[in-house]
Every structure is written in C-alpha cells, then in structure tokens.
Amino acid sequence: MNSTTFAFIDEDAKKEIRRSLLKAVALPGYIVPFASREMPVARGWGTGGLQITLSIILERDVLKVIDQGCDASVNAVNIRDFITEVTGVKETVNTSEASIIQTRHRIPEHEFAKDEKQILVFQVPTPEVLTTVEPDTAKQKQMHANSDYAKLWVLLYEDTSQYGDSRISNRYPVLINDHYVMDPSPIPKYDIPRMDNSPVLQLFGAGREKRIYAIPPYTSVKPLKFDDREFKVESFSGISCERCGAQNVFFDEVRRETGNHYFCSDTEYCDQHLEKSNAS
Amino acid sequence: MLLEVQDLSKIYGNSCGSCLALTGEEHGRAICPECASVVAINSISLTARKNEILGIVGESGSGKSTLLQLIYQDITASCGKIFFNGLTDDRNQPLNILKAMPATVSHLRNKEMSMIYQNPHLGLNFLFSAGGNIAQRIIGAGERNYEKIRKGALGFIDRIDMETSRIDDYPENFSGGQQQRIQIAKALSSSPKLLLLDEPTTGLDVSVQAKILDLIKELQQEIGFSMIIVSHDLGVINHLTDITVVMKHGTLVEYGLTDQILEDPQHPYTQLLVSSIL
C-alpha cells in the first residue's frame with residue numbers, strides 16, 4: 001500500500017476535516033460544513049463517519065466498528081477491513097479496548113472509560129434536525145442562531161395531543177449544552193439519555209450532506225420534552241435475551257411464526273454476558 | 001408610548017442619495033427621477049399609544065403594507081428608527097429595534113408583536129393543526145408546559161367562537177373566514193402588546209367581515225392591546241380605529257382622529273378618497 005498515504009485520504013483533506021472538527025467541538029451541537037471527499041464506498045454508506053475516523057486515527061489507535069450494535073454485519077466488517085488495511089491499526093470488538101468506535105445507529109452497551117480518551121464516531125444520514133419542519137436552509141440557520149425551535153416543539157405538541165406522546169422512535173431531537181438542538185443520528189430513544197454527560201468525545205459525520213458536528217465529553221444532552229411530561233424510552237420490561245439471558249439492554253426483535261424473539265442488539269455485550277454466565 | 005417610528009424609509013434599488021428629497025407626495029411620485037429607485041416609504045414618523053387603534057389608509061402602492069412589514073421586521077428598513085415600549089439597550093438608552101440583536105427582534109416578533117395577514121397562508125402554517133398553530137406562538141413566548149399550552153389553545157379556539165372539538169383539524173379543512181379567525185387566535189395567544197393587521201377582512205364576504213371585525217374589537221376591549229390596521233376600506237377604518245393616517249406615494253399626507261378625517265378631510269387626496277367611497 002505504499003502508493004497511498006497513511007489512512008487513505010491526503011493530508012490536505014485531513015487538515016480540512018480536522019479544522020471542521022475543532023470548530024464543531026468548540027460549538028457543541030453546531031453544524032459545520034466540510035468538503036466531503038470521494039470514498040471507495042458510495043455516499044450514504046457511512047462516508048461521513050469514515051472520513052472523520054480516517055482524519056483522526058493514529059498508528060497507536062485501536063478500532064471498533066459496529067452497525068446497529070453488531071460487529072459482524074457486512075457494513076461494519078467492510079469499513080473495519082478498509083480502515084485497518086489503509087492504516088495498519090489494531091482492530092477489536094471489545095468496547096473497553098477500543099480508542100475509536102465508529103458506529104451506525106447505536107451506542108455500545110458497555111460503559112465508557114472515564115478518562116475521556118475514547119472517541120465515538122457516528123454515521124449520520126440527516127444532520128439537520130430542522131429539515132422536517134423547515135425546508136429552507138437559510139431559515140434553518142436563522143432559527144439555530146435565534147435558538148428558535150418552536151416548530152420542533154409544535155411537532156411534539158401535536159403528537160402529544162393526538163397520540164398521547166411523541167411518535168419519534170429514532171433521531172429524537174436533543175438540546176446540546178442548553179443552546180443548539182441537534183439530530184443525534186438514527187439511534188433509538190434508549191440511547192439518548194446515555195449521551196448526556198458522557199465521558200466520550202462524540203463526533204458526527206454526514207458524508208452525503210457534507211456536515212460535521214460534535215458533542216465534547218461531559219456535555220449536557222437533553223431530549224426535547226415538556227416540563228409536565230416524561231421522556232419515555234423503549235420499554236423491554238420482563239424481556240431477556242434468548243441467547244445470553246441479559247436484561248435491561250436494548251433488544252433486537254425478531255418476528256417468527258413462533259412469536260417474537262429478543263436478542264441483545266449489542267453483539268459484543270451479548271458474547272461477554274454469555275461467557276460470564278457460562279463461567280459462573 | 002408603545003411604538004414610536006422616526007423618519008423611517010425604505011428604498012428599493014441603488015439609491016443615488018437624493019431619492020428621499022426628490023420623491024413623495026409634493027412631487028407626486030414614488031420613483032426617483034435620478035436613479036429610478038422605488039421609494040416605498042419616505043421619512044415616515046408616527047406613534048401609537050397603549051390601547052390605541054391606528055388605521056392606515058391609502059391607495060394601492062402607497063406603502064401601507066410595506067410600513068406594517070417594516071414595523072414587524074419582516075423586511076429591513078433603509079434608514080430611520082423604531083422604538084418599542086420603552087425597550088432600552090445595555091446602556092439604558094432607548095433601543096432602536098432596527099439595530100437590535102437578532103434575539104431581541106425574535107422575541108419582539110414571537111411575543112410582543114403579532115401580525116395578521118390578508119392571506120391566511122402567510123400567517124398560518126398549513127402543516128400544523130389549528131391548535132398546533134396557536135401552540136407555536138405560546139411555545140415561542142416561552143411556555144414549555146404541555147397542559148398549559150393545550151389549555152391556552154383550547155381557550156383561544158373557544159374565544160373565536162369555534163367548536164373546541166376542531167382544535168386538531170388542519171387549516172385546509174376550515175373555510176376562509178374560519179382560517180382568518182384561527183389566525184387571530186394564533187396572533188393573540190402570546191398576549192402581544194401590539195397587533196398589526198394587514199387587510200384582515202379583504203376578500204371575505206360582507207357578513208363574515210362584520211363578524212371578524214366585531215371579534216377583533218371585542219378581544220381588543222377584553223384583553224387590551226394596541227392595533228395598527230391597514231385597509232383600503234374606509235368602513236373598516238370607521239368601525240375600528242381611533243386615529244387614522246392617510247398615505248400617498250410613501251408619505252403621510254394626513255393624520256388625525258378618525259371621525260375628523262372622515263367628516264372633514266383636509267388633503268385633496270383624502271377628500272377624493274372619502275367622497276368616492278362613502
């Protein structure tokens with residue numbers, strides 16, 4: 001691989017992406033444009049996350065890539081193989097071992113190290129939280145500048161008045177550091193409270209939309225909710241994983257003729273839990 | 001003083017610098033002969049007191065709607081000053097809202113002032129329900145308690161003589177007159193101090209017009225807010241307003257008590273207007 005630079009993209013591109021990242025970290029929740037490069041995968045297949053990972057990765061890093069909590073899905077495997085091939089870094093499925101975790105639509109179940117040294121890179125399809133209520137990008141910018149999120153609140157009001165609660169299942173809007181409202185990428189509501197005051201640096205990359213944003217470690221992340229209403233996450237009470245027996249985690253639901261089956265969404269957590277229960 | 005407008009002007013086009021002096025009523029034109037810029041508003045000064053109802057009349061193209069949009073900050077003025085309700089800057093000087101921070105302007109537009117447009121499509125968001133539209137302003141004014149927002153919206157639906165069961169219907173399912181009433185409910189739901197109305201009843205049939213004007217007047221007396229109402233219909237002006245200003249070519253040509261202006265118009269244009277309509 002001596003014909004390419006370390007980590008595939010050229011140094012000028014990395015510099016530009018790193019500058020956008022610095023700006024994003026300095027303004028938590030603010031959307032920073034960047035010149036999204038051509039990648040060997042099509043846009044919309046994780047190129048935003050990929051470019052962030054390739055710009056920040058060092059030889060000593062340890063990489064984990066998941067897709068919906070799974071280390072073994074085709075997307076995760078391909079991205080992990082590509083990054084290790086162009087960098088030569090060590091790969092892992094172990095959350096606590098990884099220094100960079102690139103993820104699509106989930107946050108790993110295991111708690112992160114408190115030393116702020118881990119980085120979580122999200123792949124984002126729709127970075128702008130206001131697109132659902134305001135299609136005009138100039139107006140969106142103005143609304144962010146004025147912290148004018150009344151239209152998002154109206155969606156919440158309408159769902160509450162007509163269905164009793166918000167109908168949003170993923171991409172739930174979150175208020176970052178009491179200033180910008182941000183799209184957390186299509187993670188389930190279950191993961192939203194786990195973003196709050198997290199010790200990891202959370203970076204978000206949207207390759208197709210050419211946008212980057214970030215949440216620095218230990219930043220407040222609050223879901224939009226009315227003062228007199230609770231924020232409800234997915235309920236899995238009484239359910240345990242059929243494979244490892246774990247409870248109180250986020251489950252994948254598999255529907256069969258024999259009924260609904262539940263398995264841990266995070267495969268690494270499932271493996272570890274199985275190992276522990278076999279040992280005891 | 002609730003609202004004070006000083007020497008407000010709006011010029012469309014690259015001004016040559018002497019546009020304001022070369023246009024206006026005394027020149028009989030609103031287009032600058034030097035540079036062909038359109039002077040929509042030419043050095044207008046006016047004031048509105050608390051609970052006062054001000055009417056603006058004039059022929060089409062005289063700048064009535066532009067003046068309202070300048071006050072509501074829908075468009076940016078070329079020069080002049082607007083002061084609102086004793087608002088001051090950080091040095092305690094009266095704050096010219098044309099120079100205010102976006103957050104201040106946003107607060108003024110979301111809470112302190114409301115605009116009712118002739119076309120409900122401008123004032124209502126048709127993607128939100130009637131209740132949602134009203135909620136948007138209540139939320140914009142800072143309320144984050146669902147029950148209070150819902151009760152507020154229901155209260156206003158009731159106030160505009162509409163069945164409260166229709167609160168979750170969408171604007172397209174209402175008639176034109178009903179849409180206009182929802183617009184009024186939305187505008188008043190943030191308890192604004194100043195209500196701006198741009199031809200609120202034009203295009204509605206006469207019986208509906210009367211109902212809406214009565215509703216506006218009732219609510220004004222009940223809640224207490226100031227209004228500036230633009231209309232080319234002197235009947236509306238006569239019915240609602242205390243004070244009337246007459247505009248032509250972007251300037252004020254007459255200013256006075258509504259009765260006085262309708263009974264004893266001084267300016268030739270006002271005389272023409274009164275004689276041709278009443």
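Residues numbered from 1 in each chain as written. Chains lettered and ligands numbered in written order. Predicted model: local features only at pLDDT ≥ 70, side-chain atom pairs only at ≥ 80, totals over all residues.

1. Remarks on the sheet that holds strand β4 (residues 79–84) of chain B
Residue and element names in this part refer to chain B. Counted only if it meets this: At least two bridges found by DSSP between two strands is the condition for calling them paired. In this text, helices come from DSSP runs of H or I with a minimum length of four residues, and strands from runs of E with a minimum of two, each type numbered from the N-terminal end. To define axes, lines are fitted to C-alpha atoms, for helices over the stretch in contact only, and angles between the resulting N-to-C directions are given on a 0 to 180 degree scale. Placing C-beta atoms from the backbone, we regard two residues as in contact once those atoms come within 7 Å.
If you trace the three strands from one edge of the open sheet to the other, you get β2-β1-β4, paired in antiparallel fashion. Each edge of the sheet is formed by a strand with only one pairing partner; in this case those strands are β2 (38–48) and β4. Pairs of neighbouring strands in the sheet enclose a mean axial angle of 15°, with direction left out of account. Across seven bridges, strand β1 (residues 3–12) lies against β2 in antiparallel orientation. Bridged to Leu 3 within β2 is Ala 48. Packing against the sheet, helix α2 (residues 64–71) makes contact with β1, β2 and β4, and its axis sits at approximately 60° to β2.

2. Brief notes about the interface of chain B and chain A
Just so we agree on the cut-off: As a working rule, the residues Ala, Val, Leu, Ile, Met, Phe, Trp, Tyr, Cys and Pro are called nonpolar, Asp, Glu, Lys and Arg charged, and the rest polar, with Gly in that last group.
Each partner contributes to the interface: chain B provides 18 residues, whereas chain A provides 16 residues. Looking at the side of chain B that touches chain A, the elements with two or more residues in it are α3 (102–112), α5 (130–140) and α6 (146–159) of chain B. Residues belonging to the side of chain B that touches chain A are distributed by class as follows: seven nonpolar, seven polar and four charged.

3. Some words on the pairing of strand β9 (residues 211–215) of chain A
All names here are of chain A. Counted only if it meets this: Think of it as a crowd count around each C-beta: if 20 or more other C-beta atoms lie within 10 Å the residue is buried, if 12 or fewer it is exposed, and in between it is partly exposed, with C-beta placed from the backbone throughout.
Burial analysis of β9 places five of its five residues in the buried class, which makes it a mostly covered element. In this sheet, β9 lies alongside strand β1 (residues 32–33) in antiparallel orientation, the contact comprising two bridges. The residue bridging Pro 33 from the neighbouring strand is Arg 211, located in β9. Summarising the sheet, strand β8 (residues 201–206) and β9 pair through five bridges and their orientation is antiparallel. Along β9, the bridge assignment pairs Phe 204 with Tyr 213. Counting the residues between successive antiparallel strands, the hairpin from β8 to β9 contains four residues, one of them, Lys 210, with a positive phi of roughly 60°.

4. Thoughts on the pairing of strand β8 (residues 243–248) of chain B
All names here are of chain B. Of all six residues making up β8, six are buried, and the element is well covered by its neighbours. Residues Ile 243, Val 245 and Met 247 line one face of β8 and the alternating positions Thr 244, Val 246 and Lys 248 line the opposite face, and both faces are buried. Pairing between β8 and strand β9 (residues 251–257): six bridges, direction antiparallel. Within the sheet, the bridge partner assigned to Val 245 lies in β9 and is Tyr 255. Between the antiparallel neighbours β8 and β9 lie two residues, among them His 249 with a positive phi of about 50°.

5. Some remarks on the domain arrangement of chain A
All names here are of chain A. Just so we agree on the cut-off: What marks off one domain from the next here is an automatic or database domain assignment.
Domain boundaries in chain A define domain 1 (11–223) and domain 2 (235–280). A separation of 26 Å is found between the C-alpha centroids of domain 1 and domain 2. At the interface, 14 residues of domain 1 touch seven residues of domain 2. Here the side of domain 1 that touches domain 2 is composed, by residue class, of six nonpolar, five polar and three charged.

6. Here's the deal with the nonpolar core
For clarity, the threshold we go by: The term nonpolar core refers to a group of buried residues, namely Ala, Val, Leu, Ile, Met, Phe, Trp, Tyr and Cys, whose C-beta atoms join them within 7 Å.
If you look at the biggest cluster of nonpolar residues, it comprises 129 residues, and the most contacted ones within it are Leu 203 of chain A together with Leu 196 of chain B. In contact with Leu 196 of chain B, other than residues within four places in its own chain, are Leu 68, Ile 71, Tyr 72, Met 113, Ser 114, Met 115 and Ile 228 of chain B. The next biggest cluster of nonpolar side chains, apart from the first, holds nine residues, and it includes Val 249, Cys 264, Tyr 269 and Cys 270 of chain A.

7. What about the packing of α5 of chain B against helix α7 (residues 176–188) of chain B?
To characterise two packed helices, one gives the angle between the axes of the helices and the distance between these axes. All names here are of chain B. Inclusion rule: Here the angle decides the label: under 35 degrees means roughly parallel, over 145 means roughly antiparallel, 65 to 115 means roughly perpendicular, and every other value means oblique. Two helices that cross are described as forming a left-handed crossing if the nearer one is turned anticlockwise from the farther one by less than a right angle, and a right-handed crossing if clockwise.
Viewed as axis vectors pointing N to C, α5 and α7 meet at an angle of 25°, and their least axial separation amounts to 7 Å. Compared by their axis directions, α5 and α7 come out roughly parallel. The interaxial crossing formed by α5 with α7 has right-handed handedness. The segment α5 lies against α7, with Ala 130, Asn 133, Ile 134 and Arg 137 engaging Ile 182, Ala 185 and Lys 186.

8. Focus on the environment of Glu 128 of chain A
All names here are of chain A. Tracing the sequence through the fold places Glu 128 in the loop between β5 (119–123) and α4 (137–145). Sequence separation of Glu 128 and Glu 253 is 125 residues, and the distance between their C-alpha atoms is 29 Å. Setting aside its immediate chain neighbours within four residues, Glu 128 contacts Ile 31, Gln 140 and Asp 183.

9. Considering the packing of α5 of chain B against α6 of chain B
Residue and element names in this part refer to chain B. Interhelical geometry of α5 versus α6 gives an angle of 120° and a closest axis separation of 9 Å. By the criterion of interaxial angle, the relationship of α5 to α6 is oblique. Handedness of the crossing formed by α5 with α6: right-handed. Here Ala 130, Gly 131, Ile 134, Ala 135, Ile 138 and Ile 139 of α5 come into contact with α6, specifically with Ile 149, Gly 152, Ala 153, Phe 156 and Ile 157. Considering only residue class, the contact of α5 with α6 consists of nine nonpolar, two polar and no charged.

10. What to know about the sheet that holds β9 of chain A
All names here are of chain A. If you trace the seven strands from one edge of the open sheet to the other, you get β1-β9-β8-β5-β4-β2-β3, paired in mixed fashion. Sheet topology places β1 and β3 (90–91) at the edges, where each strand pairs with a single neighbour. Pairing of strand β2 (residues 62–67) with β3 involves two bridges; the strand directions are parallel. When the bridges of β3 are listed, Leu 63 appears paired with Glu 91. Packed onto the sheet, helix α1 (residues 11–26) meets β1, β8 and β9 and runs at close to 45° relative to β9.

11. Observations concerning the environment of Leu 274 of chain A
Residue and element names in this part refer to chain A. The residue Leu 274 is located in helix α7 (residues 267–279) in this model. On the neighbour-count criterion, Leu 274 (16 C-beta atoms within 10 Å) is partly exposed. Distance in space between the C-alpha atoms of Leu 274 and Ala 246 is 8.4 Å, their sequence separation being 28 residues. Sequence-distant contacts of Leu 274, defined by excluding residues within four places in its chain, comprise Arg 243 and Cys 244.

12. A few points about α3 of chain B
Turning to α3 of chain B, its buried residues are Leu 108, Asn 110 and Glu 112 of chain B. Contact partners of the buried residues in α3 of chain B: β4, β5 (113–116), α5 and β6 (194–198) of chain B.

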